[in-house]
Amino acid sequence: MSDILKETAQPSRVRLGDFNAAGFERGAGKLKEISWYLIKMMFFLTAFPFPSSLKCALLKLFGAKVGTGVNIKPRVNIHFPWKISIGDACWLGEEVFILNFENTIIGNNVCLSQRAFICGGNHDFKQPSMPYRNGSITLMDGCWVGASCFVGPGVTIGTDSVITAGSIVTTNIAGNGIYRGNPATFVKQRWT
(Lines give C-alpha, C1' and ligand atoms only; values in the text may rest on other atoms or scores of the structure.)
Protein backbone atom coordinates (compact mmCIF):
# COMPACT_ATOMS: atom_id res chain seq x y z
CA MET A 1 0.00 0.00 0.00
CA SER A 2 1.39 3.46 -0.89
CA ASP A 3 2.22 5.99 1.82
CA ILE A 4 -0.66 8.21 0.68
CA LEU A 5 -3.16 5.37 1.07
CA LYS A 6 -1.76 4.52 4.52
CA GLU A 7 -2.29 8.15 5.58
CA THR A 8 -5.88 8.18 4.35
CA ALA A 9 -6.79 4.72 5.67
CA GLN A 10 -8.26 6.30 8.80
CA PRO A 11 -12.05 6.19 9.06
CA SER A 12 -13.70 9.27 7.64
CA ARG A 13 -15.44 11.72 9.97
CA VAL A 14 -17.70 12.99 7.18
CA ARG A 15 -21.36 12.08 7.67
CA LEU A 16 -23.25 13.21 4.58
CA GLY A 17 -26.27 11.20 5.71
CA ASP A 18 -26.64 13.71 8.55
CA PHE A 19 -26.88 16.66 6.14
CA ASN A 20 -29.99 18.78 6.31
CA ALA A 21 -30.88 22.03 4.63
CA ALA A 22 -31.60 23.89 7.89
CA GLY A 23 -31.42 27.63 7.38
CA PHE A 24 -31.65 27.43 3.59
CA GLU A 25 -34.67 29.17 2.13
CA ARG A 26 -35.41 28.23 -1.48
CA GLY A 27 -37.57 31.33 -1.86
CA ALA A 28 -40.40 29.70 -3.80
CA GLY A 29 -42.83 26.82 -3.60
CA LYS A 30 -42.33 23.47 -5.33
CA LEU A 31 -44.76 24.24 -8.17
CA LYS A 32 -42.97 27.48 -9.04
CA GLU A 33 -39.58 25.79 -8.86
CA ILE A 34 -40.69 22.87 -11.06
CA SER A 35 -42.26 25.29 -13.55
CA TRP A 36 -39.03 27.27 -13.69
CA TYR A 37 -36.99 24.13 -14.36
CA LEU A 38 -39.23 23.25 -17.30
CA ILE A 39 -38.98 26.78 -18.74
CA LYS A 40 -35.23 26.81 -18.12
CA MET A 41 -34.77 23.51 -19.97
CA MET A 42 -36.80 24.71 -22.96
CA PHE A 43 -35.60 28.29 -23.37
CA PHE A 44 -32.31 28.73 -21.47
CA LEU A 45 -30.34 25.46 -21.47
CA THR A 46 -30.92 24.81 -25.15
CA ALA A 47 -28.40 25.72 -27.85
CA PHE A 48 -31.22 27.32 -29.84
CA PRO A 49 -30.72 31.12 -29.78
CA PHE A 50 -34.08 32.30 -28.45
CA PRO A 51 -34.24 36.11 -28.36
CA SER A 52 -32.89 37.74 -25.21
CA SER A 53 -36.10 39.74 -24.91
CA LEU A 54 -38.06 36.47 -24.48
CA LYS A 55 -35.59 35.18 -21.89
CA CYS A 56 -35.73 38.46 -19.96
CA ALA A 57 -39.54 38.36 -19.97
CA LEU A 58 -39.48 34.78 -18.65
CA LEU A 59 -37.03 35.72 -15.90
CA LYS A 60 -39.30 38.61 -14.87
CA LEU A 61 -42.31 36.29 -14.91
CA PHE A 62 -40.50 34.19 -12.27
CA GLY A 63 -39.60 37.16 -10.08
CA ALA A 64 -36.24 38.36 -11.41
CA LYS A 65 -35.46 42.04 -11.65
CA VAL A 66 -34.06 42.59 -15.15
CA GLY A 67 -33.02 45.90 -16.70
CA THR A 68 -33.10 46.97 -20.34
CA GLY A 69 -30.72 45.87 -23.08
CA VAL A 70 -29.74 42.59 -21.40
CA ASN A 71 -28.19 40.02 -23.75
CA ILE A 72 -28.53 36.36 -22.69
CA LYS A 73 -26.77 33.82 -24.87
CA PRO A 74 -27.73 30.12 -25.19
CA ARG A 75 -27.16 27.57 -22.42
CA VAL A 76 -27.25 30.09 -19.56
CA ASN A 77 -28.25 28.37 -16.30
CA ILE A 78 -29.87 30.59 -13.66
CA HIS A 79 -30.85 28.52 -10.64
CA PHE A 80 -33.44 30.72 -8.86
CA PRO A 81 -34.66 33.71 -10.94
CA TRP A 82 -36.57 35.06 -7.93
CA LYS A 83 -33.20 35.61 -6.22
CA ILE A 84 -31.49 37.62 -8.96
CA SER A 85 -31.29 41.24 -10.06
CA ILE A 86 -29.67 42.08 -13.42
CA GLY A 87 -29.02 45.72 -14.35
CA ASP A 88 -29.14 47.44 -17.73
CA ALA A 89 -26.97 46.51 -20.74
CA CYS A 90 -25.53 43.30 -19.28
CA TRP A 91 -24.10 40.39 -21.26
CA LEU A 92 -24.43 36.79 -20.11
CA GLY A 93 -22.27 34.59 -22.36
CA GLU A 94 -22.79 31.01 -23.45
CA GLU A 95 -22.91 28.46 -20.62
CA VAL A 96 -22.77 31.00 -17.79
CA PHE A 97 -23.95 29.25 -14.61
CA ILE A 98 -25.45 31.32 -11.81
CA LEU A 99 -25.99 29.12 -8.75
CA ASN A 100 -27.77 31.76 -6.70
CA PHE A 101 -28.84 30.03 -3.50
CA GLU A 102 -28.78 33.55 -2.00
CA ASN A 103 -29.46 36.91 -3.63
CA THR A 104 -27.25 37.72 -6.60
CA ILE A 105 -27.00 41.32 -7.76
CA ILE A 106 -25.54 42.09 -11.18
CA GLY A 107 -25.08 45.83 -11.79
CA ASN A 108 -25.30 47.77 -15.03
CA ASN A 109 -22.95 47.08 -17.96
CA VAL A 110 -21.63 43.84 -16.46
CA CYS A 111 -20.15 41.17 -18.74
CA LEU A 112 -20.13 37.51 -17.71
CA SER A 113 -18.10 35.65 -20.33
CA GLN A 114 -18.54 32.07 -21.50
CA ARG A 115 -18.67 29.41 -18.77
CA ALA A 116 -18.27 31.86 -15.91
CA PHE A 117 -19.54 30.18 -12.72
CA ILE A 118 -21.18 32.55 -10.23
CA CYS A 119 -21.55 30.22 -7.25
CA GLY A 120 -23.45 31.36 -4.17
CA GLY A 121 -23.57 27.82 -2.73
CA ASN A 122 -21.04 26.17 -0.45
CA HIS A 123 -20.72 23.74 2.45
CA ASP A 124 -18.96 23.99 5.81
CA PHE A 125 -16.40 21.21 5.35
CA LYS A 126 -15.23 21.58 8.97
CA GLN A 127 -18.44 19.95 10.19
CA PRO A 128 -19.06 16.24 9.53
CA SER A 129 -22.59 16.84 8.17
CA MET A 130 -21.31 19.58 5.80
CA PRO A 131 -24.17 22.06 6.32
CA TYR A 132 -24.75 24.84 3.83
CA ARG A 133 -22.51 27.90 3.98
CA ASN A 134 -24.08 29.94 1.19
CA GLY A 135 -23.62 33.63 0.46
CA SER A 136 -24.90 36.39 -1.76
CA ILE A 137 -22.82 37.74 -4.63
CA THR A 138 -22.67 41.31 -5.93
CA LEU A 139 -21.13 42.27 -9.26
CA MET A 140 -20.87 46.05 -9.34
CA ASP A 141 -21.40 48.23 -12.43
CA GLY A 142 -18.99 47.79 -15.32
CA CYS A 143 -17.17 44.71 -14.08
CA TRP A 144 -16.14 41.91 -16.42
CA VAL A 145 -15.86 38.30 -15.30
CA GLY A 146 -13.80 36.47 -17.92
CA ALA A 147 -14.39 33.08 -19.49
CA SER A 148 -14.27 30.04 -17.17
CA CYS A 149 -13.91 32.12 -13.99
CA PHE A 150 -15.25 31.04 -10.60
CA VAL A 151 -16.79 33.60 -8.23
CA GLY A 152 -17.61 32.18 -4.80
CA PRO A 153 -20.25 32.94 -2.17
CA GLY A 154 -20.16 36.18 -0.22
CA VAL A 155 -18.06 37.97 -2.85
CA THR A 156 -18.43 41.51 -4.14
CA ILE A 157 -16.55 42.51 -7.28
CA GLY A 158 -16.03 46.27 -7.37
CA THR A 159 -17.04 48.74 -10.05
CA ASP A 160 -15.17 48.42 -13.37
CA SER A 161 -12.91 45.55 -12.24
CA VAL A 162 -11.84 42.82 -14.65
CA ILE A 163 -11.38 39.19 -13.62
CA THR A 164 -9.26 37.58 -16.33
CA ALA A 165 -10.13 34.23 -17.89
CA GLY A 166 -9.84 31.17 -15.67
CA SER A 167 -9.42 33.10 -12.42
CA ILE A 168 -10.82 32.08 -9.03
CA VAL A 169 -12.40 34.74 -6.79
CA THR A 170 -13.22 33.83 -3.18
CA THR A 171 -12.76 37.24 -1.49
CA ASN A 172 -14.00 40.74 -2.26
CA ILE A 173 -12.37 42.56 -5.17
CA ALA A 174 -11.81 46.34 -5.11
CA GLY A 175 -13.00 48.51 -7.98
CA ASN A 176 -11.07 49.57 -11.08
CA GLY A 177 -8.57 46.74 -11.04
CA ILE A 178 -7.45 43.88 -13.23
CA TYR A 179 -7.18 40.59 -11.32
CA ARG A 180 -5.99 37.16 -12.39
CA GLY A 181 -5.03 33.75 -11.09
CA ASN A 182 -5.98 31.29 -8.36
CA PRO A 183 -6.61 32.98 -6.07
CA ALA A 184 -7.21 36.12 -8.12
CA THR A 185 -4.66 38.80 -7.29
CA PHE A 186 -4.35 42.43 -8.31
CA VAL A 187 -2.34 43.03 -11.50
CA LYS A 188 -2.89 46.73 -12.21
CA GLN A 189 -5.52 49.42 -12.49
CA ARG A 190 -7.99 49.16 -15.35
CA TRP A 191 -8.43 52.92 -15.88
CA THR A 192 -5.63 55.35 -14.96
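Residues numbered from 1 in each chain as written. Predicted model: local features only at pLDDT ≥ 70, side-chain atom pairs only at ≥ 80, totals over all residues. Heavy atoms only, no water.

1. Considering the overall build of the chain
Link 1 in the chain: Assigned secondary structure in the chain consists of three helices and 17 strands.
Link 2 in the chain: Dimensions of the chain, computed from the C-alpha atoms along their principal axes, are close to 60 × 50 × 30 Å.
Link 3 in the chain: The burial tally for the chain puts 40% of its 192 residues in the buried class.
Link 4 in the chain: Pairs at least 24 residues apart make up 30% of the contacts formed inside the chain by residues separated by at least 6 positions. (Helix = DSSP H or I, 4+ residues; strand = E, 2+ residues; numbered from the N terminus. Buried < 20%, exposed > 50% of the residue type's maximum accessible area, 1.4 Å probe, protein only. Contact = heavy atoms within 4.5 Å.)

2. Observations regarding the pairing of strand S16 (residues 177–180)
Link 1 in the chain: Summarising the sheet, strand S14 (residues 162–163) and S16 pair through two bridges and their orientation is parallel. Looking across to S16, one finds that Val-162 is bridged to Ile-178.
Link 2 in the chain: In this structure, the hairpin formed by S16 and strand S17 (residues 185–189) is closed by a connection of four residues, where Gly-181 is found at a positive phi of approximately 105 degrees. (Pairing = 2+ DSSP bridges.)

3. Here's the deal with the packing of aromatic side chains
Link 1 in the chain: Summed over all chains, the structure comprises 14 aromatic pairs.
Link 2 in the chain: Seen from their ring centres, Phe-97 and Phe-117 are 4.9 Å apart, and the 15 degrees between their planes marks the pair as stacked. Here Phe-97 is found in strand S6 (residues 97–99), whereas its partner Phe-117 is found in strand S9 (residues 117–119), with 20 residues between them in sequence.
Link 3 in the chain: Arranged with centres 5.7 Å apart and planes meeting at 75 degrees, the rings of Phe-101 and Tyr-132 form a pair that is edge-to-face. Here Phe-101, found in the loop between S6 and strand S7 (104–106), pairs with Tyr-132, found in the loop between S9 and strand S10 (137–139); they are 31 residues apart in sequence, far enough to count as distant. (Phe/Tyr/Trp six-rings, centres within 6.5 Å; stacked < 30°, edge-to-face > 60°.)

4. Details of the pattern of salt bridges
Link 1 in the chain: Across all of its chains, the model carries three salt bridges by this definition.
Link 2 in the chain: Between Arg-26 and Glu-33 there is a salt bridge, with the nearest N and O atoms lying 2.5 Å from each other.
Link 3 in the chain: For Arg-26, a relative accessible area of 29% corresponds to the partly exposed category.
Link 4 in the chain: Take Glu-33: its relative accessible area is 7%, and that puts it in the buried class. (Salt bridge = Lys/Arg side-chain N within 4 Å of Asp/Glu carboxyl O.)

5. Considering the sheet that holds strand S4 (residues 84–86)
Link 1 in the chain: Strands sit in the order S1-S4-S7-S10-S13 across an open sheet of five strands; the sheet is parallel. Pairing within the sheet leaves two strands with one partner each, and these edge strands are strand S1 (65–66) and strand S13 (156–157).
Link 2 in the chain: Bridging between S7 and S10 involves three bridges; their strand directions are parallel. Directly across from Thr-104, in S10, lies its bridge partner Ile-137.

6. Some thoughts on the side chain of Ser-167
Link 1 in the chain: Here Ser-167 lies in the loop between S14 and strand S15 (168–169).
Link 2 in the chain: Here Gly-181 takes part through its backbone nitrogen, which lies 2.9 Å from a polar atom of the side chain of Ser-167.
Link 3 in the chain: Excluding residues within four positions of it along the chain, Ser-167 makes contact with Ser-148, Cys-149, Phe-150, Tyr-179, Arg-180, Gly-181 and Ala-184. (Polar contact = N/O pair within 3.5 Å; in protein donor to acceptor, adjacent residues only side chain to side chain.)

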